[in-house]
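Chain by chain, the residues:
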Amino acid sequence: MRPDDFVPDGSRDIETAVRLLAGHLAPGLEPLARLAYNYRWSWDPAAEALFRRIDPEHWLRCGENPVRLLQEVDPALTSALAADPGFLFDMHARALDLDAMLRDAPTAPPVAYLCAEFGIHQSLPFYAGGLGILAGDMLKQASDDRVPVVGVGLFYSQGSFHQRLDLSGYQHEYWLRTESDRLPAVPVTGPGGQLRITVDLRGQPVAARIWRVDAGVSRLYLLDTNLPENRITDRWITSRLYVGDRGMRLAQYAVLGIGGIRALRAMGIPFRAVHLNEGHAALAILERLREELPHHASAASRIGAVRASTAFTTHTPVLAGNETFDPATVRELLPRLAEDAGLSWDELLALARVDPVDTGAGFGLTPLALHGSGAANGVSRLHGEVARRMWHGIWPDRPEAAVPIAHVTNGVHQPTWMAPRWAELLDRYVPGWRTAPPGDPTWSCVDAIPDAEIWALRCELRAGLAALVRTRSVIERLGRGESVEYANSAVDSWRDDALTIGFARRIATYKRLYLVTSRPDLALEILRGDRPVQIAIAGRAHPNDEEAKHTLQSLFALNDAPGVGGRAVVFEEYDMSLARQLVQGCDLWLNLPRRPYEASGTSGMKSAANGGLQLSVLDGWWAEGYAPAYGWAIPSDSSLPEPEQDARDGLALFTLLRDQVIPLFYDRYAADIPREWVRRIKRSLAALLPQYSARRMLRDYQERAWPPQRDM
Ligand SMILES: *Cc1c(COP(=O)(O)O)cnc(C)c1O
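Right, let's get into the site of the ligand. Near the ligand, the surroundings consist of 14 residues, among which Ile-133, Arg-505, Lys-511, Ser-603 and Lys-606 are the closest. Between the ligand and the protein, one listed contact pairs an oxygen atom with a side-chain N or O atom of Arg-505 at 3.0 Å. Contacts to the ligand include Lys-511, whose side-chain N or O atom sits 2.9 Å from an oxygen atom. The fraction of the free accessible surface of the ligand (390 Å²) that becomes covered by protein chains is 94%. Sorting the residues of the shell around the ligand by element identifies α8 (130-144), α24 (576-585) and α25 (603-608) as the ones contributing at least two each. Class assignment for the residues of the shell around the ligand results in five nonpolar, five polar and four charged.

What follows concerns the pairing of strand β18 (residues 533-540). Counting buried residues along β18, eight of its eight residues qualify, which places the element largely inside the surrounding structure. Of the two faces of β18, the one carrying Val-533, Ile-535, Ile-537 and Gly-539 and the one carrying Gln-534, Ala-536, Ala-538 and Arg-540 are both buried. In this structure, strand β17 (residues 499-506) lies alongside β18, joined through eight bridges in parallel fashion. Along β18, the bridge assignment pairs Phe-503 with Ile-537.

Glancing now at the nonpolar core. In this structure, Leu-32, Phe-51, Leu-283, Leu-337, Phe-363 and Trp-706 are the most contacted members of the largest nonpolar core, which totals 136 residues. Excluding residues within four positions of it along the chain, Phe-363 makes contact with Leu-283, Glu-323, Thr-324, Phe-325, Pro-327, Val-330, Leu-337, Leu-348, Leu-349, Ala-352 and Leu-368.

What follows concerns the side chain of Gln-122. Inspection of the secondary structure puts Gln-122 in the loop between β1 (111-114) and α8. Looking at Gln-122, the relative accessible area reads 13%, which means it is buried. Here the side chain of Gln-122 touches Glu-64 through a polar contact of 3.1 Å, side chain to side chain. Looking at Gln-122, its side chain comes within polar contact range of the side chain of His-121, at 3.3 Å.

Cut-offs used in this document
Residues numbered from 1 in each chain as written. Predicted model: local features only at pLDDT ≥ 70, side-chain atom pairs only at ≥ 80, totals over all residues. Heavy atoms only, no water. Near = heavy atom within 4 Å. Polar contact = N/O pair within 3.5 Å; in protein donor to acceptor, adjacent residues only side chain to side chain. Areas by Shrake-Rupley, 256 points an atom, 1.4 Å probe, with all protein chains shown as cover. Helix = DSSP H or I, 4+ residues; strand = E, 2+ residues; numbered from the N terminus. Nonpolar A, V, L, I, M, F, W, Y, C, P; charged D, E, K, R; others polar. Buried < 20%, exposed > 50% of the residue type's maximum accessible area, 1.4 Å probe, protein only. Pairing = 2+ DSSP bridges. Core = buried A, V, L, I, M, F, W, Y, C linked by side-chain atoms within 4.5 Å. Contact = heavy atoms within 4.5 Å.

Printed below as a string of structure tokens:
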């Protein structure tokens, strides 16, 4: 490569970091460093097993972060491994697999996928919930399918918060500094050192550097303003996800949207389209209008040019969740925003309003994204309808059904969420399942899997979760200052073979976690029943959301009711690692949103991929995914007053559990197998696996939202 061909996209920086890390290792183990700097290992069970083998305890202690593991590992251990032919064989096999994958990387210009959060793995704490995890799943699926997609987000110096519950179940949170030199992330350098881009805020340039993280053939670039040359308050812009201060929040979005496009330009990465995953990144549209200035005289033709290569996904069916800023705040923070984009302030504000002439309206990121995108979608069929109704005002002349917001239902990256043992079982009985589309005859092979094998696997995974419940609840209880006897009671009361229900989410009011405790009489009847039922709960309340914290507290109190004794457990620290173990181990997954506020929901899809059955309100993905042959539904009538909806839905929940779910689970035939339950698992797998996969989702985006790919 000639020096002038040098593309400062971080490739060399990754190589340098790999060499440095390899230098810490015993001779012969160098390929481990290469594996550690690409998150591909996180969905390659054989590669994960390698890191675990190095030092299983340390692996957990360092948050399953292989770079940190290799930095800290005892040299005596690595010398022993360097002499272990089995280890070396596996290591070389994984490294060859990664190299082959990277050689097969797509070369066409990627879609730039902008999002305020990315959930790649629990060791990279740059996600808050479902939105980020969807973005992470998207990058991994794009890698698997060799679709060129590059992620652009923010590098948070304090990441997401950590959660502790006190003796009363009240949530406290704390933040830890992101130890950037221990992450599999490197700052991108150019010919003159670390690359910088700037975004003007309050008339002054704010600098950001760019971190690169690899996930298979997909790359993620993260902007970071925590630099010595920035003023102290500007260094904090990328400190935490979704900071509370409005000006600071807008500054985050300016760095993401405007800075994100500049970063791609600075690295010389051409893109074929920009995908705005939620409105946070919408200011990218204005940066691209600025870039179009030399080519188009009129604002209308510039907007047309940008729209032709911009797609937008809205995720928020609650109006208040669609962020709006006071125009004065926008003007103060970004005084040249309109001028740079070649617009007057009135033209700019009109783009960020539902009704262009409604001068009382704020600066809305969703209207801006809708005006500036040629393709827009909600994240489930029902959410598509809701979004068309919500934003009808932007297209007042059209009938609601013709509002140009389509839907692409979310899907999950199955290799991330599915227990490897399921994948092995499917490989044996359903050849071709990984790529077979919905409705393909391949799926009828699911019927041929012996009931006993399915049931044995479900029992194994449930027991795995039980082991986690025992260790974690003892540690968490002791940490809260509970007595040793009480801590130990968790070990005795949680069973390997009891119907295990999972309920884990961010505690937003609309998710209605409180329904679980809305009928203590019915809940206790079930939890104290002869046929044992146990429930694993995990949830994070937003630090400022007192109501959510009280909900968490009341769930926590369930366990103290006489007779329940340890059949309900509330976990701290709901992250991707805990989520994976819950969706794999639970027999039944609950979701109780207030219809239609759950745009899609994805944790149920993860559960279904592990043979979990669903009991959920007919909202989001379940409104289209449900069938009586394999699941349970709470219809929920949103025309009723909310307290009445809650009363009805709470009753429906416990009635379904008592009359249908529990009997079916305990209705055992030969060999102690619940045949009807297993039949439902099979139907659920055949129907839901292909439909709610990230592979199907990615295909939909390619076909419906992104301009055609041109290979170079
Ligand atoms: C999947 C997931 C979510 C999103 O789940 P929903 O069903 O949309 O609530 C949130 N947090 C974590 C850690 C997850 O893994």
